[in-house]
Amino acid sequence: MLKLDRLVNVLGGYGARLLTAPVSRQVELRSVVVHDPADPRPASGDVFLPVGVESADEAVRLARAARAAVVLVREGAPLDASARDGGLAVLLVDPEVSWSQLFGVVYGLVLEGRETEAGRGPTDLFSFADTLAGELASPVTIEDQMSRVLAYSGSQQAADPVRLETILGRRVPEGMRRLLESRGVFAHLATSEEPLFVEPAPEHGLRGRMVVAVRAGRELLGSIWVECERPLTGTARTVLSDGARAVALHLLRSRVSADLERQVESDLVIQLLEGTADAPALVSRLGLPGGQFRVIALQAHIGEERHAAILLAFERATTGFGWSRPGRSALFGNTLYTVLPCGNDVTPARDWLAGIVNVLPRQVTVFAGVGGPAAPAQLAAGRQEADESLALRAARPGGGAQPVVYDESWDEILLQRLRAAASAGRTPARGPVADLTRHDAEHGTRYIETLRAWLEAQGELGEAAARLGLHPNTVRYRLRKMGTITTLRLDAPEKRLAMIIALAVDQGLS
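A. Layout of the nonpolar core. Counting 26 residues, the largest nonpolar core has V140, I142, V214, I224, V226, L240 and V247 as its most contacted members. With residues near it in sequence (within four places) discarded, I224 still touches L132, V140, T141, I142, M210, V211, V212, V214, L240, G243, A244 and V247.

Listed below in structure tokens is the structure:
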């Protein structure tokens, strides 16, 4: 925990000096508050930054109202002698150092510089959750706007079943979400910054909760949940509201950092997928292991709104960095591409996709295709395979979230390529299949059906007849008649193969 003595020593390197310290220099500093003249709500915190306040005396008065332990004031501003008394440490700051610089240093020291017993380091919300839980003497959970757990306080000994299930599943259980929604909790969070008490529901394993929205301006970033039997009032309620502002700052800083990381990652992944001679070097820069990879192509929709959820899928795919994620991702157009270390076994790719689907809202529909195993230099071809697998999956009705895997569906993908060529007018207008198709259309015969059955039966007359529900002599007769209409050459293997392909392409286009 940061102490006043440590803050004074660090800020001394930025030209600050301690004017007076009526409180002990061992006092612990847990929070930061910035003066906002446009916000009429009372704010409290241990370190007070009077941004925009010209008078040092006014800065001290505001700091006392915020119940701060230390206030930073500009050196040279007149300060009344009475301001030196009253249990408040006053730090004089060099006017050449900007408030933004001071804020970055102080925020980093107070809110990000702590470490817990588990060794969690800077910028860790778990440390802040522990601190907030200590001040409120109640378990705390910090969640994002989709009820996914971002952090939680340490002790779970007295936690209710809902809290335990939420922490274990890393998100609020679906049944509990529906209950909270029916009670109007999420509607309140979307529109209000005031803390709300959620009544207990023992039949659902829920004790009471105090919840407050975490927002930046009008944007809801998440929420803080405090397990408690009755509504928080007085100082505890103020501490919770101040905690929401501190978490908002943390999430905004994390978002900026994450967006920069995502941009760098996306650029490198796109270079890999477009093909480059430096593929092994790019793989190393992305922190991926050597070996083979698979490219996963994913699209996400909400109802009839095509690609409405793709940004959300991208955010989930790139949450966490380094060792915490197996793959690296890029958003290219309306498709999310992920390069995943994965050889002949496609299970890791299926598991990765299942993990993405599980954290997306239930109304999101996901289509995905998985390319075959590829070395770094082959990832451009792997992307084409993933794209074709994705297109095949999108063309299939139903199927849930199961992806199309290139290894398992290469035959259908080959036919899909041929159908694409046929749709561009590149299939022959003459030949046995074209001739018999026209004859059927003009005379109401069923020669194409007969030819397909014979080829699928590999020339076994009895099996072909069984497929058609006819006598073998009828099939034999039809084959003779077909030979008078066009040149079949059923005895030539290459002719039979060409007719099989033409029939498969024709079936896909009809």
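There's plenty left to go through after this.
B. Quick peek at the pattern of salt bridges. One pass over the structure, following the stated rule, counts 18 salt bridges. The salt bridge involving D160 is made with R209; its shortest N-O contact spans 2.6 Å. With D160 in the loop between β7 (149-152) and α5 (161-169) and R209 in strand β9 (residues 209-216), the pair connects residues that are 49 residues apart, well separated along the chain. Overall, the relative accessible area of 0% leaves D160 in the buried class. For R209, a relative accessible area of 8% corresponds to the buried category. Among the ionic pairs, E408 bridges to R350, the shortest N-O distance being 2.8 Å. With a gap of 58 residues between them, E408 in helix α13 (residues 406-423) and R350 in helix α11 (residues 347-359) connect regions that are remote in the sequence. Here the salt bridges do not stand alone but share partners, grouping D160, R207, R209 and E227 into one network.

C. Seen up close, the sheet that holds strand β10 (residues 219-227). Judged by pairing direction, the sheet is antiparallel, and its five strands sit side by side in the order β7-β6-β10-β9-β8 without closing on themselves. Two strands lie at the open edges of the sheet, namely β7 and β8 (196-198), each paired on one side alone. Neighbour-to-neighbour, the strand axes of the sheet open up by a mean angle of 25°, direction not taken into account. Relative to β9, β8 runs antiparallel, the two sharing three bridges. Residue V198 lies in a different strand from β9, and its bridge partner there is R209. In the packing of helix α4 (residues 125-136) onto the sheet, the strands contacted are β6 (140-144), β7 and β10, and the crossing angle to β7 comes to about 50°.

D. Focus on the packing of aromatic side chains. Using the criterion set out here, one finds one aromatic pair in the structure. With 5.1 Å between their ring centres and 75° between their planes, F126 and Y152 make a pair best called edge-to-face. Of this pair, F126 sits in helix α4 while Y152 sits in strand β7; the two residues are 26 residues apart in sequence, bridging distant segments of the chain. Against the face of F186 rests R177, its NZ or CZ located 4.7 Å from the ring centre.

E. Local environment of the pairing of β7. Here β6 pairs with β7 via three bridges, running antiparallel. Bridge pairing links T141 to Y152 in β7. Counting the residues between successive antiparallel strands, the hairpin from β6 to β7 contains four residues, one of them, S147, with a positive phi of roughly 65°.

F. Spatial organisation of the confidence of the model for the chain. Averaged over all residues, the pLDDT of the chain is 83; the fraction at 70 or higher stands at 88%. Taken as a whole, residues 113-123 scores under 50 in pLDDT and shows 20 contacts with residues more than four places along the chain or in a different chain.

G. Structural detail: the packing of helix α15 (residues 447-456) against helix α17 (residues 472-485). For the pair α15 and α17, the least separation of the axes is 10 Å and the interaxial angle reads 115°. Classified by the angle their axes make, α15 and α17 are roughly perpendicular. For α15 against α17, the interelement crossing comes out left-handed. Contacts between α15 and α17 involve Y447, T450, L451 and W454 from the former and V475, R478, L479, K481, M482 and I485 from the latter. Looking at the contact of α15 with α17 residue by residue, the class counts come to seven nonpolar, one polar and two charged.

H. Up close: the pairing of strand β4 (residues 70-74). Along β4, four of the five residues are buried, which leaves the element largely enclosed by surrounding structure. In this sheet, β4 lies alongside strand β3 (residues 47-49) in parallel orientation, the contact comprising two bridges. Considered in β4, the bridge of F48 is made with V71. Looking at chain direction, β4 and strand β5 (residues 89-93) are connected through five bridges and run parallel. Looking across to β5, one finds that L72 is bridged to L91.

Criteria and cut-off values
- By convention here, each chain's residues receive numbers from 1 onward along its written sequence.
- Local features in a predicted model are, by the rule used here, given only for residues with pLDDT of at least 70; side-chain atom pairs are given and counted only at 80 or more, and totals for whole chains, interfaces and linings are based on all residues.
- For side-chain calculations, the full set of non-hydrogen atoms in the structure is used, while hydrogens and water are omitted.
- Side-chain atoms within 4.5 Å are what join buried Ala, Val, Leu, Ile, Met, Phe, Trp, Tyr and Cys residues into a set we call a nonpolar core.
- Between buried and exposed lies partly exposed: a residue is buried under 20% and exposed over 50% of the maximum accessible area for its type, with that area taken using a 1.4 Å probe on protein chains only.
- Note on contacts: a residue pair is in contact if any heavy atoms of the two residues lie within 4.5 Å.
- By convention in these notes, a salt bridge is any Lys or Arg side-chain nitrogen within 4 Å of a carboxyl oxygen on Asp or Glu.
- Working definition: helices are DSSP H or I runs of at least four residues, strands are E runs of at least two. Numbering for both runs from the N terminus.
- In this scheme, strands are said to pair when DSSP sees at least two bridges between them.
- To get an axis, a line is fitted to the C-alpha atoms, and for a helix only the part in contact is used. The angle between two axes follows their N-to-C directions and goes from 0 to 180 degrees.
- Between the rings of Phe, Tyr and Trp (Trp by its six-membered ring), a pair exists once the centres lie within 6.5 Å; its type follows the angle of the planes, with under 30 degrees stacked, over 60 edge-to-face, and the other angles tilted.
- For a lysine, the NZ atom is tested; for an arginine, the CZ atom; a charge sits over a ring if that atom is within 6 Å of the ring centre and within 35 degrees of the ring normal.
- pLDDT is defined as a per-residue confidence score from the predictor, taking values between 0 and 100.
- The scheme is simple: roughly parallel for angles under 35 degrees, roughly antiparallel for over 145, roughly perpendicular for 65 to 115, oblique for anything else.
- Two helices cross in a left-handed way if the nearer one is turned anticlockwise from the farther one by less than a right angle. They cross in a right-handed way if the turn is clockwise.
- Ten residue types, Ala, Val, Leu, Ile, Met, Phe, Trp, Tyr, Cys and Pro, are classed as nonpolar, four, Asp, Glu, Lys and Arg, as charged, and the remainder, Gly among them, as polar.

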